Amino acid sequence: TELGVERRFVPESCPRAVRPGDFVRYHYLGAFPDGTRFDSSYDRGSTFNVFVGKGQLIAGMDKALVGMCVNERRFVKIPPKLAYGSEGVPGVIPPNAVLHFDVLLIDLWNSEDEVQIQTYFKPEKCPRTVQVSDFVRYHYNGTFLDGTLFDSSHNRMRTYDTYVGIGWLIPGMDQGLLGMCVGEKRIITIPPFLAYGEDGDGKEIPGQASLVFDVVLLDLHNPKDGIVIENQIVPESCERRSQAGDFLRYHYNGTLLDGTLFDSSYSRNHTYDTYVGKGYVIAGMDEGLLGVCTGEKRRIIIPPHLGYGEEGRGKIPGSAVLIFDIHVVDFHNPLDSVGITVNYRPSNCTVLSKKGDYLKYHYNASLLDGTLLDSTHSLGKTYNIVLGSGQVVVGMDMGLQDMCVGERRTVVIPPHLGYGEEGVEGEVPGSAVLVFDIELLELVSGLPEGYMFVWNGEVSPNLFEEIDQNHDGEVLLEEFSEYIQAQVDSGKGKLAPGFDFEKIVKNMFTNQDRDGNGKVTAEEFKLKDQEAKEEHDEL
């Protein structure tokens, strides 16, 4: 005769219990005391949805549901006076029938409910939170109040990307995402009237369902965002800052806002080399690399509309904010010439180096960031060249001009006057600016341009006869070589310094051997001043 309630299963966690006025969704089996079933929500494939305590249920069920937790199971015995009484339900429930209900509560909410937010992880640093009109990327698991999973971005292995607060989401999610930090994790519980309402979504979500979203925010930006530059480490000495049109070499680590690494030049052991301000890189990087110094480290945060946009690229998802931690190794401009800084010049500096001079010098070669490439000091010997003869890179030929013995200078050579885009494998990186600290130790004056040999006195009027020692009217290479050697040894003549003797003599002989037969005749033999229009080197 009395209402009987048996709590057959009570969940450990029961944050909320049914109160009169609440709306519930539950499954049930209805049977008579002999076990005969008269009704089942399971057979219909949908829960029974109703307000409690508003007379929409038989009185016994209205009372039996009060105090229930979601996922709780109750066995309810309802006497006729609290069920269908003496009249019953024709064809279904006889008069004065005792009814048994096996009830499982699936969902409960109240029309006065609001979105509930439970943050269970928040990063220590939170420089920015989600605001209305922001664009966010997040992962979520979507469940009903009973824990049943209905959707998950993790299963699709793709974030959910959307604007917040402008109606692209259900109202409850629009509210629940506000104020989140990147990396924050929260549980957002949404009543149906702020979700999919009475009709559900027509697929997985039934009508009148409360929704629970377990969310982790991965990314956040606003379409009005520009780039952000942080954590600048600028060297004390910064004589020059990058401008549009400069060519930069830099290292970087590229990460997403949640810290996921998507690329690194360090892993390739090679700098990223590019022009800036000319559209060779994404717009945000083009802007972020302006105004940097060699050796500077900075963090550049780039919103997607200045990065890879909605489509993304490779490991970079669409609409992703990018973080680049960069280290500028060097930069130059294609219009740069050689930079020369004289560190020391002797007071008695009267003889200056010029094209054709033979120079001996020491140097330390490094990159702009200070990385040592080479040093003659470590080899224990000088570097010896003929200035302007192409024995060194063009920039070094320029940097050694007008130098006196004992002078020390720093020569900065841009790559187009150095080793170019290719560099020297294993030694000099491509497109590298080179710095040489030079000390000139010895200078042997060269010959006038175009000459490989000059006389120190008057030239014999019978020169050919003197060279033709056997007087057969022909001079062979051996005779020619012996004669030139004798003139040099006696001080009567001088060879261009810094070149191999045999190569110089052979070159001189070949220029005189006009028919190429290996012999020079008196008709072929001519002095330099007799050959004003000749372009090759003569006596």
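Residues numbered from 1 in each chain as written. Predicted model: local features only at pLDDT ≥ 70, side-chain atom pairs only at ≥ 80, totals over all residues. Heavy atoms only, no water.

## Here's the deal with the overall build of the protein chain
- On a plain count of helices and strands, the protein chain comes out with 11 helices and 28 strands.
- The globule rule puts the C-alpha radius of gyration for 539 residues at 24 Å, and the 45 Å found for the protein chain is more than 25% above it.
- The dimensions of the protein chain, computed from C-alpha atoms along their principal axes, are 155 × 50 × 40 Å.
- When contacts within the protein chain are restricted to residue pairs at least 6 apart in sequence, long-range pairs at least 24 apart make up 68% of them.
- Accessible surface computed for the protein chain: about 27900 Å², of which carbon and sulfur atoms make up 49%.
- Treating the 49 positive side-chain charges of the protein chain as one cloud and the 80 negative ones as another, the clouds have centres 10 Å apart. (Helix = DSSP H or I, 4+ residues; strand = E, 2+ residues; numbered from the N terminus. Rg over C-alpha atoms; globule rule 2.2 N^0.38 Å. Contact = heavy atoms within 4.5 Å. Areas by Shrake-Rupley, 256 points an atom, 1.4 Å probe, with all protein chains shown as cover. Lys, Arg positive; Asp, Glu negative; His and termini not counted. Charge placed at Lys NZ, Arg CZ, Asp CG, Glu CD.)

## Examining the pairing of strand S9 (residues 149-152)
- Here strand S8 (residues 135-144) pairs with S9 via three bridges, running antiparallel. The partner of threonine 143 across the bridge, within S9, is leucine 149.
- Once S8 ends, the chain turns through four residues before running back antiparallel as S9, passing glycine 147 with a positive phi of about 95 degrees. (Pairing = 2+ DSSP bridges.)

## Description of unusual backbone geometry
- Phi angles above zero are rare outside glycine, and aspartate 402 is one such case at about 60 degrees.
- For aspartate 402, a relative accessible area of 45% translates into the label partly exposed.
- One non-glycine residue, serine 431, lies in positive phi territory at about 60 degrees.
- Within the fold, serine 431 resides in the loop between strand S23 (408-413) and strand S24 (434-444).
- Residue classification places serine 431 among the buried residues on the basis of a relative accessible area of 7%. (Buried < 20%, exposed > 50% of the residue type's maximum accessible area, 1.4 Å probe, protein only.)

## Focus: the state of the cysteines
- Counted under the stated rule, the structure contains four disulfides.
- In this model, cysteine 238 is linked to cysteine 293 through a disulfide, with the two sulfur atoms separated by 1.6 Å. Across the disulfide from cysteine 238 to cysteine 293, rotation about the S-S bond amounts to roughly -80 degrees, and the bridge is consequently left-handed. Separated by 55 residues along the polypeptide, cysteine 238 in the loop between strand S13 (228-233) and strand S14 (247-256) and cysteine 293 in the loop between helix H6 (283-288) and strand S17 (297-302) bring together distant segments of the chain. (Disulfide = S-S within 2.5 Å.)

## Focus on the packing of helix H10 (residues 477-490) against helix H11 (residues 501-512)
- It is at 10 Å that the axes of H10 and H11 come closest, and there the two elements cross at 120 degrees. The orientation of H10 with respect to H11, classified from their angle, is oblique. When the axes of H10 and H11 are compared, the crossing they make is right-handed. Packed against H10, whose contacting residues are Leu477, Phe480, Ser481, Ile484 and Gln485, the element H11 presents Phe501, Val505, Lys506, Met508 and Phe509 at the interface.
- When the residues that make up the contact of H10 with H11 are grouped by side-chain class, the tally is seven nonpolar, two polar and one charged. (Axes fitted to C-alpha atoms, helices over the stretch in contact; angles between N-to-C directions. Parallel < 35°, antiparallel > 145°, perpendicular 65-115°, else oblique. Left-handed = near helix turned anticlockwise from the far one by under 90°. Nonpolar A, V, L, I, M, F, W, Y, C, P; charged D, E, K, R; others polar.)

## Things to note about the UniProt feature "domain: EF-hand" (unreviewed entry) in the protein chain
- As annotated in UniProt, the feature "domain: EF-hand" (unreviewed entry) corresponds to residues 455-490 and 500-535 in the numbering used here.
- Secondary structure across residues 455-490 divides into 53% helix and 8% strand, with the first and last C-alpha atoms of the span separated by 11 Å. (UniProt positions renumbered as here; feature names shortened; annotations may be inferred.)

## Re the pairing of strand S20 (residues 358-367)
- For S20, the buried fraction is high: eight of the 10 residues fall into the buried class.
- By the bridge criterion, four bridges tie S20 to strand S22 (residues 383-386) in an arrangement that is antiparallel. Within S22, the residue paired with leucine 359 across the bridge is isoleucine 385.
- In the sheet, S20 pairs with strand S21 (residues 372-375) via three bridges, with the strands oriented antiparallel. In the strand pairing of S21, alanine 365 is matched with aspartate 374.

## Considerations on the UniProt feature "domain: PPIase FKBP-type" (unreviewed entry) in the protein chain
- Mapped onto this numbering, the UniProt entry gives "domain: PPIase FKBP-type" (unreviewed entry) at residues 21-109, 133-221, 245-332 and 356-444.
- The span residues 133-221 is 12% helical and 39% strand by assignment, and the distance between its end C-alpha atoms comes to 9 Å.
- End C-alpha to end C-alpha, residues 356-444 measures 9 Å, and it is 11% helix and 39% strand.

## Regarding the pattern of salt bridges
- All chains considered together, the criterion is met by 29 salt bridges.
- With a shortest N-O distance of 2.9 Å, arginine 137 and aspartate 219 are connected by a salt bridge. Residue arginine 137 is located in strand S8, and its partner aspartate 219 is located in strand S12 (residues 211-221); the two are separated by 82 residues in the primary sequence. Each member of the pair, arginine 137 as well as aspartate 219, is classed as buried.
- For the salt bridge of arginine 268 with aspartate 263, the shortest nitrogen-to-oxygen distance reads 2.7 Å.
- We classify arginine 268 as partly exposed; its relative accessible area is 43%.
- In this structure aspartate 263 comes out as partly exposed when scored by relative accessible area, which is 25%. (Salt bridge = Lys/Arg side-chain N within 4 Å of Asp/Glu carboxyl O.)

## Focus: H11
- Across its 12 residues, H11 extends 17 Å between first and last C-alpha, which sits within 8% of the 16 Å expected from 1.5 Å per residue.
- Buried residues of H11: Ile504, Val505, Met508, Phe509, Asn511 and Gln512, and no others. Projected onto a plane normal to the axis of H11, the buried residues spread over an arc of 160 degrees and lie on a single side. Counted as exposed and oriented over 90 degrees from the buried face of H11: Glu502, Lys503 and Lys506.
- Buried residues belonging to H11 abut strand S25 (453-455), strand S26 (474-475), H10, strand S27 (493-495) and strand S28 (520-521). (Expected span 1.5 Å × (residues − 1). Arc of directions from axis to C-beta.)

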